Amino acid sequence: MEFDKNLLKTIVCPQSKEKLIYDEKNNCLIAKTSKLAYPIKNGIPIMLIEEAKKID
């Protein structure tokens, strides 16, 4: 199942409340301010802070 890019208009980072960037190569959503990458599994973004990976 593919990620619906229209979701980017409505969902935000649960920590920083910023808009997210879709990283198609790594299949995740990036929050630059909070430096978190939220995984997308079966087309569904997992928007739990404890599931996100820290990025630099």
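Residues numbered from 1 in each chain as written. Predicted model: local features only at pLDDT ≥ 70, side-chain atom pairs only at ≥ 80, totals over all residues. Heavy atoms only, no water.

J.: Which parts of the structure should I look at to understand the side chain of serine 34?
T.: Tracing the chain through its elements places serine 34 in the loop between strand E2 (28–31) and strand E3 (36–41). The exposure class assigned to serine 34 is buried, which follows from its relative accessible area of 9%. The residues contacting serine 34, other than those within four sequence positions of it, are Cys13, Gln15, Ser16 and Glu18. (Helix = DSSP H or I, 4+ residues; strand = E, 2+ residues; numbered from the N terminus. Buried < 20%, exposed > 50% of the residue type's maximum accessible area, 1.4 Å probe, protein only. Contact = heavy atoms within 4.5 Å.)

J.: Can you help me understand the pattern of salt bridges in this one?
T.: When the charged atoms of two side chains lie near each other, side chains of opposite charge can form a pair. Enumeration over the complete set of coordinates arrives at one salt bridge. Between lysine 41 and glutamate 51 there is a salt bridge, and its shortest N-O distance comes to 3.9 Å. With a gap of 10 residues between them, lysine 41 in strand E3 and glutamate 51 in the loop between strand E4 (44–45) and strand E5 (53–54) connect regions that are remote in the sequence. Given the relative accessible area of 45%, lysine 41 is considered partly exposed. (Salt bridge = Lys/Arg side-chain N within 4 Å of Asp/Glu carboxyl O.)

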